[in-house]
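# Secondary and tertiary structure notes
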Amino acid sequence: MSDKFKIAIFSSGNGSNFEAIVKANIPNVEVSLLFCNMKDAHVLERAKNLSIESIFISHKEYDSRKEFETEIISRIEKFNIQLIVLAGFKRILSPFFTSHYEKKVINLHPSLLPAFTGLHAPRQAIDYGAKYSGCTVHYVDEGVDTGPIITQGLVEIEDVDTEATLIEKIHEKEHEILPRAIQLIAEDKCVLQGRRVLIKN
Ligand code: GAR
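Notes on the structure in this doc start here. Counting restarts for each chain, with residues numbered from 1 along the sequence as it is written. Only residues with pLDDT of 70 or above have their local features reported here, since the model is predicted, and side-chain atom pairs are shown and tallied only from 80 upward, although totals for entire chains, interfaces and linings are computed over all residues. By convention in this description, side-chain values take in all heavy atoms of the structure and omit both hydrogens and water.

Around the ligand, the structure places Asn 14, Gly 15, Ser 16, Asn 17, Gly 88, Leu 108, His 109, Pro 110, His 171 and Glu 174. Polar contact is the term for a pair of N or O atoms within 3.5 Å; when the atoms are in protein, one must be able to donate a hydrogen and the other to accept it, and sequence-neighboring residues count only if both atoms are side-chain atoms. Between the ligand and Ser 16, the relevant distance is 2.6 Å, taken from an oxygen atom to a side-chain nitrogen or oxygen of the residue. With respect to the ligand, the backbone of Pro 110 contributes an N or O atom lying 3.4 Å from an oxygen atom. In these tables, accessible area is a Shrake-Rupley quantity obtained with a 1.4 Å probe, and a residue counts as shielded only by the protein chains included in the view. In the complex, the protein chains occlude 80% of the 450 Å² of accessible area that the ligand would expose alone. Counting from the N terminus, the helices are DSSP H or I runs at least four residues long and the strands are E runs at least two residues long. Where the shell around the ligand is concerned, the elements lending two or more residues are α1 (16-24), β5 (105-109) and α6 (163-186). Across the shell around the ligand, the residue classes tally to 2 nonpolar, 7 polar and 1 charged. One heavy atom within 4 Å of a molecule or strand makes the whole residue count as near it. In this classification, the charged set is Asp, Glu, Lys and Arg, the nonpolar set is Ala, Val, Leu, Ile, Met, Phe, Trp, Tyr, Cys and Pro, and all remaining amino acids, among them Gly, are polar.

See below:
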């Protein structure tokens, strides 16, 4: 068995961040698993092409969040996952799940938190008239997009930008900062001090 730091990536859609993480070849990190809850998600195709094992479970087949999450936990338990990375995972995970993996779940969000939480963050930033936005990687707590911030990337919103061009710019930045955040955690360099995440040298 490899002694690498084992991560699972949860994605429901396109999966460009999933692919960026795999291709970053982060030293001593093994992408053990893709978890996906949407049958036709392109990320499943990417996993196949990159030879990463994938598990698909539709949340629609469960009466409650807890039953769905219990099934996820039981299916991924054997992989001894050390970190779960939510990268475009379109399902809120309840405290039942996050407390099972306490401080072991991180999320990627397409804004500079705490601004523009929730859905369609790039559109919210444009509509608000913000001149800068970006992306955030944070630990997941019991709230939505509220956990301690690990790292952020800044993107300028120019007058010519549309929602589509801003999403493109944010994606580019995300593909840099997410693998870097995973590397910091794998190297045990993130120290939680209250809400602050301090990075050890
Ligand atoms: C990313 O931009 C990520 O920040 C966003 O979904 C996109 C997934 O792209 N996540 C959220 O909006 C979570 N609230 P991808 O499937 O190409 O990696």
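From this point, things continue past the structure.
This part takes up the layout of surface pockets. In this approach the atoms are scanned with a rolling probe the size of a water molecule, which exposes any empty space left behind. Approximately 1100 Å³ is the volume found for the largest pocket. Lining the largest pocket we find 39 residues, and of these Gly 88, Phe 89, Lys 90, Leu 108 and Pro 110 sit closest to its centre. Sorting the residues of the lining of the largest pocket by element identifies α1, β5, α5 (121-128), β6 (132-139) and α6 as the ones contributing at least two each. Only protein atoms enter the 1 Å grid, on which a cavity is a set of points fitting a 1.4 Å probe that cannot get out and a pocket is an open set with protein on both sides within 12 Å along at least 5 of 7 lines, lining residues being those with an atom within 4 Å of a point. Grid points are joined across faces, edges and corners, and a volume is the space filled by probe spheres set on the points. The space that makes up the second largest pocket amounts to roughly 200 Å³.

Moving on, we get to the pattern of salt bridges. Between side chains of opposite charge, a pair can form when the charged atoms approach closely. Salt bridge, as applied in this entry: a Lys or Arg side-chain nitrogen positioned within 4 Å of an Asp or Glu carboxyl oxygen. Tallied over the full model, the rule gives 9 salt bridges. For the salt bridge of Lys 169 with Glu 158, the shortest nitrogen-to-oxygen distance reads 2.7 Å. With Lys 169 in helix α6 and Glu 158 in the loop between β7 (149-156) and α6, the pair connects residues that are 11 residues apart, well separated along the chain. Each residue's exposure class comes from its accessible area (1.4 Å probe, protein chains only) as a fraction of the maximum for that residue type: buried when under 20%, exposed when over 50%, partly exposed otherwise. Lys 169 gets classed as partly exposed once you look at its relative accessible area, which sits at 24%. In this structure Glu 158 comes out as partly exposed when scored by relative accessible area, which is 40%. Measuring nitrogen to oxygen at the nearest pair gives 2.5 Å for the salt bridge that ties Asp 161 to Lys 169. One salt-bridge network, in which partners are shared between bridges, spans Glu 19, Lys 23 and Arg 46.

Another point: the packing of aromatic side chains. In this analysis, rings of Phe, Tyr and Trp, with Trp reduced to its six-membered ring, are considered paired at centre separations within 6.5 Å, and the interplanar angle assigns stacked below 30 degrees, edge-to-face beyond 60, and tilted for intermediate values. One pass over the structure, following the stated rule, counts 8 aromatic pairs. Relative to Phe 68, the ring of Tyr 62 lies with its centre 6.0 Å away and its plane at 45°, an arrangement referred to as tilted. Residue Phe 68 is classed as buried on the basis of its relative accessible area of 2%. A centroid spacing of 5.2 Å and a plane angle of 45° characterise the contact between Phe 97 and Tyr 101, whose relative ring orientation is tilted. An identical accessibility class is assigned to Phe 97 and Tyr 101; each is buried. The structure contains a cluster of three or more aromatic residues connected by ring pairs, namely Phe 10, Phe 35, Tyr 62, Phe 68, Phe 89, Phe 97 and Tyr 101.

Let's shift gears to the sheet that holds strand β1 (residues 5-10). Picture the strands of a sheet paired through backbone hydrogen bonds; they go either parallel or antiparallel. The pairing criterion is simple: DSSP has to find at least two bridges between the two strands. A sheet is described by the order of its strands in space; here 7 strands give the open sequence β3-β2-β1-β4-β5-β6-β7, paired in mixed fashion. Of all strands in the sheet, those with a lone pairing partner are β3 (54-56) and β7, marking the two edges. For this sheet, the mean angle separating the axes of adjacent strands, direction not counted, is 20°. By the bridge criterion, 7 bridges tie β6 to β7 in an arrangement that is antiparallel. In this description, a line fitted to the C-alpha atoms serves as the axis of each element, helices being fitted only across the stretch in contact, and the angle between N-to-C directions of two axes falls anywhere from 0 to 180 degrees.

Another point: the pairing of β6. Among the 8 residues of β6, 7 are classified as buried, and the element is accordingly described as predominantly covered. One ladder, built from 4 bridges, connects β5 with β6; its direction is antiparallel. Looking at the pairing, His 109 lines up with Thr 136 of β6.

The subject of this paragraph is the packing of α1 against α6. Contact pair α1 / α6: the axes reach a minimum separation of 9 Å and the direction vectors enclose 50°. It follows from the interaxial angle that α1 and α6 lie oblique. Where α1 crosses over α6, the two elements pack in a sense that is right-handed. For the pair formed by α1 and α6, the contact residues are Ser 16, Asn 17, Ala 20, Ile 21 and Ala 24 on the first element and His 171, Glu 174, His 175, Leu 178, Pro 179 and Ile 182 on the second. Within the contact of α1 with α6, the residues separate by chemical class into 6 nonpolar, 4 polar and 1 charged. The labels follow the angle: roughly parallel below 35 degrees, roughly antiparallel above 145, roughly perpendicular from 65 to 115, and oblique for the rest. For any helix crossing, the convention is left-handed if the near helix is rotated counterclockwise from the far helix by under a right angle, and right-handed if that rotation is clockwise. By definition, residues are in contact when any of their heavy atoms lie within 4.5 Å.

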